[in-house]
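# Structural overview for review
Spelled out from the first residue to the last, the chains are:
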Amino acid sequence: MSFNFDLFVIGGGSGGIATARRAAEYGARVGLAEFNRLGGTCVNRGCIPKKLMVYTSHFPRVLEESQGYGWSPAKSILDWPKMMAAIDKEVGRLNGIYQKMLDKSNVQLYRAHGKLLDPHTVEVENTKVTTDKVLIAVGGRPIKPNIPGKEYLVTSDAMFELPEQPQRVVIWGGGYIGVEFACIMHGLGSDVIQIIRSDKILKGFDEDIRTIIQESMEEHGIRILKNCSISEVKKTNQGLTISLEGDSNNDMVLADTIGLAATGRIPNLENLGLENTEVKVHNGVIVVDKYSQTAEQNIYAVGDCTDRINLTPVAISEGRAFADTKFGGKSCLMSYENVPSAVFSTPEAATVGLTEAKAKEQYGKNAIRVYSSEFRPMYYVLPDTKEKTLMKLVVHQESDQILGAHMVGDHAAEIIQGIAIAVKMGAKKADFDATVGIHPSSAEEFVTMR
Ligand code: FAD
């Protein structure tokens, strides 16, 4: 049977675009449907606008710190609409780059919703296209918990569209997105309260990392209400009045904006036509095997809609592994071991490999050696601020192999990205010891820990 396409991709985000381009490079005839701005969550409502806001939020602190180096006090105010417009312009530029890349790769782009009519037919723009293989890369979206007053909650998507700066911000959620938004809004000058379900932010990260970031955020003036949750929101003449349940239920919390972060995301599976195929969905997520193949033999899925590790580089790598295997004649599997990640909080954190707790659980308590170093980086000496940096290595006792590397401090993401290559290659602590440091730097501590 002849099809219009060898591959049809539904979703033009991180995973979809990377896969479409890679398959086209191998000569496949590729079509792609995207109804929204190209680039998906990362470019439009995630990593990129967020990181630009992180940069914006650091300037007041830098101006403050500069005085320790002899600069006169400088006062500057943030023009919120100007910041938003600058970010939107950059996002627009990236949308254009994606468009050009797809054109250059000869991927046929449909600016429309894609729906499966059967395993080989996709409906787009009121037409039907046929395809040998299908890749579902539809990502996910934030959902609001069903509480009274939920209409006053602002999802992470809408946090990027606030028309003016809220003075009082409540962030609900202790995951990495919540922590990042809390730090961004605080850095931009809002009063921030963060509401978390347990007693510590960043579940799943190394305990020491969690502790240091939380202490640091609190020292900077972010109020973290622990072991509690929002039960109701009401609009009053004082603003949004928040009722809490849990440890802080006597606290009266008022806000102008309640940012919802990481309290829940679900894959975009509605009206996708999965019922016309054998694709299986479990707990709202598409079920795939290690080759990203669904229960329908010609349909594959990558990225957030499969809920494996929900990060842009993972969605991209899953898609490329699929394209290399199916169109490039290679057998490629995505490896989920030692995937590095970062939290763009203030202070920043980054991590690769096993946490101390996970390593002990996996190998036994006595099979692990831990090295850590906590210090005030040189940059903060003259401004005389208390900022701490933490570096930590988790090492397998018998083999000397580095199982995990963790850091809190300036440029943690940049530093851990380099360390991640060594960890992925199976570096031993002795290799780190044999590496000459770069002096004076914070990163040299990773090769001098004893
Ligand atoms: P997406 O990028 O979401 O793309 C899916 C696309 O499919 C969307 O454009 C959507 O419009 C389209 N679509 C959906 N249904 C259809 C349909 N039926 N027809 C046509 N098109 C459709 N990751 C990092 O690595 N680093 C970060 O710093 C980071 N920060 C983040 C911050 C926030 C606030 C959020 C929300 C996420 C962040 N992420 C980060 C996660 C990252 O954005 C996602 O993991 C990544 O975008 C997933 O890519 P994807 O291809 O699976 O889906």
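As the structure is a prediction and not an experimental result, all values here were calculated from the model.

### A few points about the domain arrangement of the protein chain
Per the domain assignment, the segments making up the protein chain are domain 1 (5–141 + 266–327), domain 2 (150–263) and domain 3 (341–447). Between the C-alpha centres of domain 1 and domain 3 the distance comes to 31 Å. Taken together, the contact pairs ten residues of domain 1 with ten residues of domain 3. Looking at the side of domain 1 facing domain 3, the largest losses of area belong to Arg61, Glu65 and Tyr69, adding up to 53% of the total buried there. Along the contact surface separating domain 1 from domain 3 lie zero salt bridges. Taken together, domain 1 and domain 3 are joined by four residue pairs in polar contact (both at pLDDT 80 or more). Grouping the constituent residues of the side of domain 1 that touches domain 3 by class yields four nonpolar, two polar and four charged.

### A look at the environment of Gln167
Structurally, Gln167 can be placed in the loop between helix 5 (156–159) and strand 9 (168–172). Sequence spacing of Gln167 and Ser345 is 178 residues, and the spatial spacing of their C-alpha atoms is 20 Å. In this structure Gln167 touches Gly189, Ser190, Asp191 and Asp256, once residues within four positions along its chain are discounted.

### Let's talk about the packing of aromatic side chains
Here a ring pair, both rings aromatic, is described through the centre-centre distance and the interplanar angle of the planes. Overall, the coordinates contain eight aromatic pairs when judged by the stated rule. Their ring planes at 85° and their centres at 6.3 Å tell us that Phe5 and Tyr110 sit as a pair that is edge-to-face. You can see Phe5 sitting in strand 1 (residues 5–10) and its partner Tyr110 sitting in strand 3 (residues 108–110), a full 105 residues away along the chain. By relative accessible area, Phe5 is classed as buried at 6%.

### As for the site of the ligand
Inspection of the region around the ligand gives 35 residues, with Gly15, Glu34, Thr41, Lys50 and Asp304 positioned closest. The separation between an oxygen atom of the ligand and a polar side-chain atom of Thr41 is 2.5 Å. In this structure, Lys50 approaches the ligand through a side-chain N or O atom, which is 2.5 Å from an oxygen atom. Burial of the ligand by the surrounding chains reaches 96%, relative to a free accessible area of 1000 Å². At the level of secondary structure, the elements contributing two or more residues to the shell around the ligand comprise helix 1 (14–25), helix 2 (40–45), helix 3 (47–66), helix 6 (176–187) and helix 8 (312–327). Here the shell around the ligand takes four residues from helix 2, the largest share from any one element. Of the residues assigned to the shell around the ligand, the class counts are 15 nonpolar, 15 polar and five charged.

### Details of the pairing of strand 12 (residues 228–236)
Pairing between strand 12 and strand 13 (residues 239–246): eight bridges, direction antiparallel. Across the sheet, residue Lys234 finds its bridge partner in strand 13, namely Thr241. Once strand 12 ends, the chain turns through two residues before running back antiparallel as strand 13.

### Structural notes on unusual backbone geometry
Cis geometry is found at the peptide bond from Thr346 to Pro347, where omega equals 5°. If you trace the backbone, Pro347 turns up in the loop between strand 20 (341–343) and strand 21 (349–353). The peptide bond linking His439 to Pro440 adopts the cis configuration, its omega dihedral lying at -10°. Here Pro440 is to be found in the segment after helix 11 (429–433). In this structure, Asn106 is a non-glycine residue whose phi angle is positive, near 60°. One can find Asn106 in the loop between helix 4 (80–104) and strand 3. For Asn106, a relative accessible area of 67% translates into the label exposed. The phi torsion at Asn271 lies on the positive side, around 60°, for a residue other than glycine.

Analysis parameters
- Residues numbered from 1 in each chain as written.
- Predicted model: local features only at pLDDT ≥ 70, side-chain atom pairs only at ≥ 80, totals over all residues.
- Heavy atoms only, no water.
- Domains from an automatic or database assignment.
- Contact = heavy atoms within 4.5 Å.
- Buried area = accessible area lost by both parts, 1.4 Å probe.
- Salt bridge = Lys/Arg side-chain N within 4 Å of Asp/Glu carboxyl O.
- Polar contact = N/O pair within 3.5 Å; in protein donor to acceptor, adjacent residues only side chain to side chain.
- Nonpolar A, V, L, I, M, F, W, Y, C, P; charged D, E, K, R; others polar.
- Helix = DSSP H or I, 4+ residues; strand = E, 2+ residues; numbered from the N terminus.
- Phe/Tyr/Trp six-rings, centres within 6.5 Å; stacked < 30°, edge-to-face > 60°.
- Buried < 20%, exposed > 50% of the residue type's maximum accessible area, 1.4 Å probe, protein only.
- Near = heavy atom within 4 Å.
- Areas by Shrake-Rupley, 256 points an atom, 1.4 Å probe, with all protein chains shown as cover.
- Pairing = 2+ DSSP bridges.

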